[in-house]
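# Structure at a glance
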Amino acid sequence: MNLSELHALLPLLILGVGPVLLLLAGAFIPGLDRKRLNFIGGAVALLAAVVAATYSPPVTEAGGMLGTGPYGRMAAFLAGITALLTILLSVGYTSRRPLGDEEYPSLVLFAAFGMAVLGGATSLLSVFLGLECLTLAMYILLASNRGDFLSGEAGIKYLVVGAVSTAFLAFGLALVYVATGDLSLAGSMKGLTASGAFGPVGLAGWAMLLVGIGFKVSLFPFHLWAPDVYQGGPAPVVGFLSTGSKAAVWLAFLQLALAMGGDWGALAPVLWVMAALTMVYGNLAALTTNNVKRLLAYSSIAQMGYVLMALLAAPVVGGTAMLIYLAVYVAMDLGAFGVVAAFSTRDRDLGDIESLRGLGYVHPVRSAVFAVCMVSLAGLPPTAGFIAKFGIFQAAVKAGYVYLAVIGIATAIVSIYYYLRVVVNLYMRSPLEKGVAATAGTLLPRLDDANRIAFALITAAILYLGVMPGGLLDLIGGIAGGNDGFRC
Amino acid sequence: MVPISHILILAGMIFALGVVCVFAHRNILMILIGVEIMLNAAGLAFVAGSMRWGMPEGQIFVLFLMAMAASEVSVGLALVVYLHKRKRSVNIDDFNEMKD
Amino acid sequence: MASPITWILLLPLLGALFNGLLGWMLKRRVVETVACASVAGSSVAACIAFAGMGNGTDVVLYDWLSAGGFSAPFTLRLDAISATMAVMVTGVSFIIHLYSVGYMREDEGFARYFALLNLFVAAMLLLVLAGNLPLMFVGWEGVGFCSFGLIGFWYSDPANATAGRKAFIVTRIGDVAFGVALIWLFYLTGTTDIAAINAAAPALPAATATYLGLLLMFGAAGKSAQLPLTVWLPDAMAGPTPVSALIHAATMVTAGVYLLMRMFPVISVSSDALAVITTVGAVTAFYAATSALGQRDIKRVLAYSTISQIGYMVMAVGAGALSAALFHLVVHAFFKALLFMAAGCIIQALHEEHDIFNMGGLMTRMPTVFWCFLAGALALAAAPGTGGFFSKDEVLAATLGHGGALYTALWALGEVTAFVTAFYIFRVVALVFMGGMKKESAGLPARLPGTMVWSLVPLAVLAIAGGIINLPATWGGSGYLSGLLASQGLAPHAEAGHGWAVQAVSAVVCASGIGAAYYMNLINPALRERLAARYADLNDFLFRAWGLDALYYRLFVTPFGNIADLLWHRVDEGAINRALDGIGDGLAWTGSMMRLSVTGRASTYIMATIVGAAAIVLYFAVNGGV
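## Details of the overall build of chain B
Scanning chain B for helices and strands turns up 3 helices and 0 strands. Shown N-terminal to C-terminal, the secondary structure of chain B runs as helices and strands in the order α-α-α. Relative to its length of 100 residues, chain B is extended, with a C-alpha radius of gyration of 17 Å against a globular reference of 13 Å. Counting only C-alpha atoms and orienting by the principal axes, one finds that chain B spans roughly 50 × 25 × 25 Å. Out of the 100 residues belonging to chain B, those deemed buried represent 39%. The long-range fraction of contacts in chain B, counting pairs at least 24 apart against all pairs at least 6 apart in sequence, stands at 46%.

Given below as structure tokens:
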């Protein structure tokens, strides 16, 4: 490793060293209250994102482990911005809940560090390490709400199932290594299909990898943990789990897919079935769910089915559509969980969907953000969700997965029902009893400025990208390798 | 030298034993032990790969694997202790307050 | 931004944004003025654009979406069809905005109402002016959303919210078909531009075109309430009456017809698809007209009437007579908006009375409303000389002129429907305006604000005189609209040959329908005199009036009533409704069953993981090509 490689790793260094310093500062500097610590954490994340976005390093790979070219920078930027938004959305929440003082923002930053490593990985080793760094931080964050037993339950459930899936992932990586003798991401994936088809060991390795990845991004049938964990975990943490951690895994998954070159081969039918079942399961299960966080969990499962569909098409048409979908998904899903966090009181997180009734007129800002995020998740214009869905359906059709696209469209239209149920409850239903909403409204916490900033950013992004997506399409199209299909 | 396939078969068997351990037990500690067995099977496979290709990378990976397994278990045990205080149980299925 | 075409779209959108964001803190007068002025400006822009249209123009606002050979620039396309639609939509919308000022004078949610109404106009115009399918889809979804919001406007009433939801779900089913057709067309032609798709259409295989035509028809059926997706429209009457007039009579419900007109070159590749479309249109027209006979609620009568009239338009598209479809669409917008608005006046004047059997004698008490309603009724009944006469006549003549046994039979069905139409609407006229007040407890009609009553007048004039936009040669006209469409190559050349014969049949049918309705009520005074002589007693006289109604039912309505009852209750509310509910319930039930797998026990989740892993490994072992 030389100096220019160290320069190139600047965003990662910020994300890695920042939380260590933050932990020390929390321990040794008196007078730093929770709010200040959160702001410092947010500033670190912002700095990392800004550096990743603006600083173009002289080398595009560091140590044979991490990409520092456009793709790696995008991963670092995504990690920084997700951490920033998560921390902003947590400022009010952590002031009401005992999530820890300096531990909370540092853990979020550690998770973001893991995200950046994972997303920018160019070696199977950095895939594994990034994923583990991210996952370990998530175990702790999920269980960190010490006042709430459900939080601990969410943590242990995620940990137990996660540990099993990690073991599958490790074994899968080992088999891939045995089959190819190469730990570099591109080399090993190319080696797997070098003879034209998968060898038995390589194929077994991919089967194991699919289990590990399927768990992290909650694909059928490895998705069952999601509703419980989402319901029990602290809302902003779950928002991060649902967006940042999944997005980073997808970034690595896409690299694996593209490195194989041209074709999924024997894997395609399995992925096809997983995508279809994930879309169907998530959307149908969400229809009659009443708990808002569980609803968002099923919604998130369904969304992952769409991403998998885009990934399936990626070797043929390029990954741009999938990356756009991910970016948009991060914004809208994080926004939704942010609203849930902002509506959560000292004692409990937002629960039944009925408790949203009539809030649209009592808390206009949060309700409007929620509505925008729901409309976007439902894929309706003029939001970014529409553009993103359009892109992936188009990609799937272009790659020849017409039936999968039809399943996707049908389930997406079914999904409009449950997303708009939230909007209907916010705006079109009167409170359960006269006056209840008014009093319930005053019981809900006030909106703080950090929340306002995060909401403004998210809403503006969703609406702007819905109307003027060209810039993002160009940007991501360029990162994904220019002329790879999304924009000619 | 031992043929690579033999080592892989052994690793596969150890992995399967770990899976059975995870599958059969409801005790969180036993599940974590099962996970350790599975991870060790992965480690064995990595070493086998290293041997097959004559490269040290696989062995490096095993070192990381061990470190990672240790940290995962430590977080897991901390969580078990914390939850045990609340529920007086280490049976994973006793933690079922959330369900559909 | 200089182009008037842009302003057509932009002004209502700005109005919606303004009222939606700032409306809550502004005075009612300001909100109303902004809402009306933005639509008025849009209307002016539409007229200017129409005048300067030339041979059709494209305006590319910016590159909205583009992806791998797929591009959906933000293109607005103005040609004879879209320009005519734009002028009609903005004009009718403006009048309905004015009317709404009066109608909503006591409602507190006025800012939300006007914002949604403006947004609706903007979305409708986007749908109409869109130059490519994705953009059209945006407008399509947009009008659906606004409709959903406006039907459920009085959300505190659960019935209204339910109706809004029902409309939303049913139209969604149609949207699936449209969405699939959209993707498929892109897959086949490699473009989403409407003109380019249409240019490529002749090369499509007929079988493919049949499926595409059916998908488009199904999509159109959802939006335009054609069989089998009619059920939502009558329930949508739960919304405020101006909304019914604007969305559920004049504009949004015709979007399906508009879609079929736009995509006609694709559909016309397959004669099977055309036959199905014509049949659906004709059968829907008949079904809805007979259903209208069985209604008591004045708005539901008009709702079924709308379904029936849209059936005619669909029939015209199926017969290949685009200009007839467009002609009828425009004229129908005039007279049906008029009828709804007049009905709204009556309902408000009678303190939310909807039942036509509780009305009566309003001719002298609300003369302006009466004359306007009469104008609308005449146009709906297609009385010779009115706009409705010419447009419906063209539809029927085109169907007959298409030739073939099926089309001739459908023409005959259309003539029967025309008779039923004349009958049911003049039954309403007779019951509401003639005779005496049936239910005195309703009290005297309340005074209505001038904006409500006087905004009926221009529509009444248009309903009567609307025929001039496409006057046939037999009446000394030159078929302006047909000529316009033909000159831009949007439709086969003007259907020249419907002579006096078809017109005469239509006139006779209309006259006999009105006559039959009047017979029941013109006999009324005579009978009344005889009865009055025998029992010189007002109560008895009223009783006899009711008795006459029973007679009138026995003689005439009962046969139709039975059919209507059968069609309405059994088919519409029964089977179709149940099927739709069934789909919804089935999906929800499936979802609930799936959720049983989320047991709350982590051991289940581990088991699922391991089973999933085993399944993948097994699959690879069997099929991996190892």
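## As for the overall build of chain A
A tally of helices and strands in chain A yields 21 helices and 2 strands. A compact globule built from 488 residues should have a C-alpha radius of gyration of about 23 Å, and chain A, at 21 Å, falls within 12% of that. Seen along its three principal axes, the alpha-carbon backbone of chain A occupies a region of about 70 × 55 × 40 Å. Contacts in chain A between residues far apart in sequence, at least 24 positions, make up 81% of those at least 6 positions apart.

## Remarks on helix H2 (residues 28-53) of chain B
With 26 residues, H2(B) extends 38 Å between its outermost C-alpha atoms, agreeing within 8% with the 38 Å of an ideal straight helix rising 1.5 Å per residue. The first or second residue beyond H2(B) is Gly54(B), which carries a positive phi of 65°.

## Quick look at the interface of chain A and chain B
On the side of chain B, 39 residues touch chain A, which itself brings 32 residues to the contact. When residues of the side of chain A that touches chain B are traced back to their parent elements, those giving at least two are helix H6 (124-142), helix H7 (149-180) and helix H10 (225-232) of chain A. When residues of the side of chain A that touches chain B are assigned to their parent elements, the largest contribution, 18 residues, is made by H7(A). Looking at the side of chain A that touches chain B residue by residue, the classes come out as 23 nonpolar, 5 polar and 4 charged.

## Digging into the nonpolar core
The biggest cluster of nonpolar side chains holds 487 residues, and the ones touching the most others in it are Ala310(A), Leu260(C), Ala337(C) and Leu338(C). Composition of this core by domain shows at least three residues from each of domain 1 (4-518) and domain 2 (597-623) of chain C. In contact with Leu338(C), other than residues within four places in its own chain, are Cys372(C), Ala375(C), Gly376(C), Leu456(C), Leu459(C), Ala460(C) and Ala463(C).

## Here's the deal with the confidence of the model for chain B
Overall, the prediction assigns chain B a mean pLDDT of 91, with 100% of residues at 70 or greater. With pTM at 0.77, the complex prediction returns an ipTM value of 0.97.

## Regarding helix H13 (residues 292-317) of chain A
All names here are of chain A. Taking 1.5 Å of rise per residue, 26 residues should cover 38 Å, and H13 covers 36 Å from first to last C-alpha, within 8% of that figure. In terms of burial, H13 is largely enclosed, as 25 of its 26 residues are buried. Phi turns positive one or two residues past the end of H13, at Gly 318, with a value near 90°.

## Focus: the environment of Phe18(C)
All names here are of chain C. Mapping Phe 18 onto the fold places it in helix H1 (residues 4-22). What makes Phe 18 buried here is the crowd of 20 C-beta atoms within 10 Å. Between the alpha carbons of Phe 18 and Ser 100 there is a distance of 18 Å; along the sequence they are 82 residues apart.

## As for unusual backbone geometry
All names here are of chain A. Cis geometry marks the peptide bond from Phe 220 to Pro 221, where omega comes out at -5°. Of note, Pro 221 is situated in the loop between helix H9 (200-216) and H10. Backbone geometry at Ser 218 places phi at a positive 50°, although glycine is not the residue there. Looking at where Ser 218 falls in the secondary structure, it is placed in the loop between H9 and H10.

## What about the environment of Gly147(A)?
Residue and element names in this part refer to chain A. Residue placement: Gly 147 occurs in the loop between H6 and H7. Once the C-alpha coordinates of Gly 147 and Arg 348 are considered, the two residues, 201 residues apart in sequence, prove to be 9.7 Å apart. Beyond its immediate chain neighbours, meaning those up to four positions away, Gly 147 contacts Arg 97 and Pro 98.

## A look at the packing of helix H14 (residues 320-342) of chain A against helix H17 (residues 384-398) of chain A
When two helices pack together, their arrangement is given by the angle between the helix axes and by the axis-to-axis distance. Residues and elements named next belong to chain A. Running from amino to carboxyl end, H14 crosses H17 at an angle of 155°, the nearest separation of the two axes being 9 Å. By the angle class used here, H14 and H17 are roughly antiparallel. With respect to the hand of their crossing, H14 and H17 are arranged in left-handed fashion. Facing Ala 321, Met 322, Ile 324, Tyr 325, Val 328, Ala 331 and Met 332 of H14, the residues of H17 in contact are Ala 384, Gly 385, Ala 388, Gly 391, Ile 392, Gln 394 and Ala 395.

## Description of the packing of helix H11 (residues 255-262) of chain C against helix H14 (residues 298-318) of chain C
Residues and elements named next belong to chain C. At a closest axis distance of 10 Å, the pairing of H11 and H14 adopts a crossing angle of 5°. By the angle between their axes, H11 is roughly parallel relative to H14. Contacts between H11 and H14 pair Val 257, Leu 260 and Met 261 from the former with Ile 310, Met 313, Val 314 and Val 317 from the latter. Of the residues assigned to the contact of H11 with H14, the class counts are 7 nonpolar, no polar and no charged.

## Let's talk about the confidence of the model for chain A
For chain A, per-residue confidence averages 88 on the pLDDT scale, and 95% of positions sit at 70 or higher. In this model residues 482-488 of chain A is a low-confidence stretch, pLDDT under 50, and it forms 24 contacts with partners more than four residues away in sequence or in other chains.

## With respect to the environment of Leu338(C)
Following the sequence through the fold, Leu338(C) ends up in helix H15 (residues 322-349). In sequence terms Leu338(C) and Val428(C) are 90 residues apart; their C-alpha atoms lie 15 Å from each other.

## Re the pairing of strand E4 (residues 75-78) of chain C
Residue and element names in this part refer to chain C. Judged by which residues are buried, E4 turns out to be covered on both faces: Thr 75 and Arg 77 on one side and Leu 76 and Leu 78 on the other are all buried. Taken together, the 4 bridges between strand E1 (residues 57-60) and E4 define a ladder with antiparallel strand orientation. From the neighbouring strand, Thr 57 faces E4, where its bridge partner is Leu 78.

Reading the values: the criteria
- Residues numbered from 1 in each chain as written.
- Chains lettered and ligands numbered in written order.
- Predicted model: local features only at pLDDT ≥ 70, side-chain atom pairs only at ≥ 80, totals over all residues.
- Helix = DSSP H or I, 4+ residues; strand = E, 2+ residues; numbered from the N terminus.
- Rg over C-alpha atoms; globule rule 2.2 N^0.38 Å.
- Buried ≥ 20, exposed ≤ 12 C-beta atoms within 10 Å, placed from the backbone.
- Contact = placed C-beta atoms within 7 Å.
- Expected span 1.5 Å × (residues − 1).
- Nonpolar A, V, L, I, M, F, W, Y, C, P; charged D, E, K, R; others polar.
- Core = buried A, V, L, I, M, F, W, Y, C linked by C-beta atoms within 7 Å.
- Domains from an automatic or database assignment.
- pLDDT = per-residue confidence, 0-100.
- Axes fitted to C-alpha atoms, helices over the stretch in contact; angles between N-to-C directions.
- Parallel < 35°, antiparallel > 145°, perpendicular 65-115°, else oblique.
- Left-handed = near helix turned anticlockwise from the far one by under 90°.
- Pairing = 2+ DSSP bridges.

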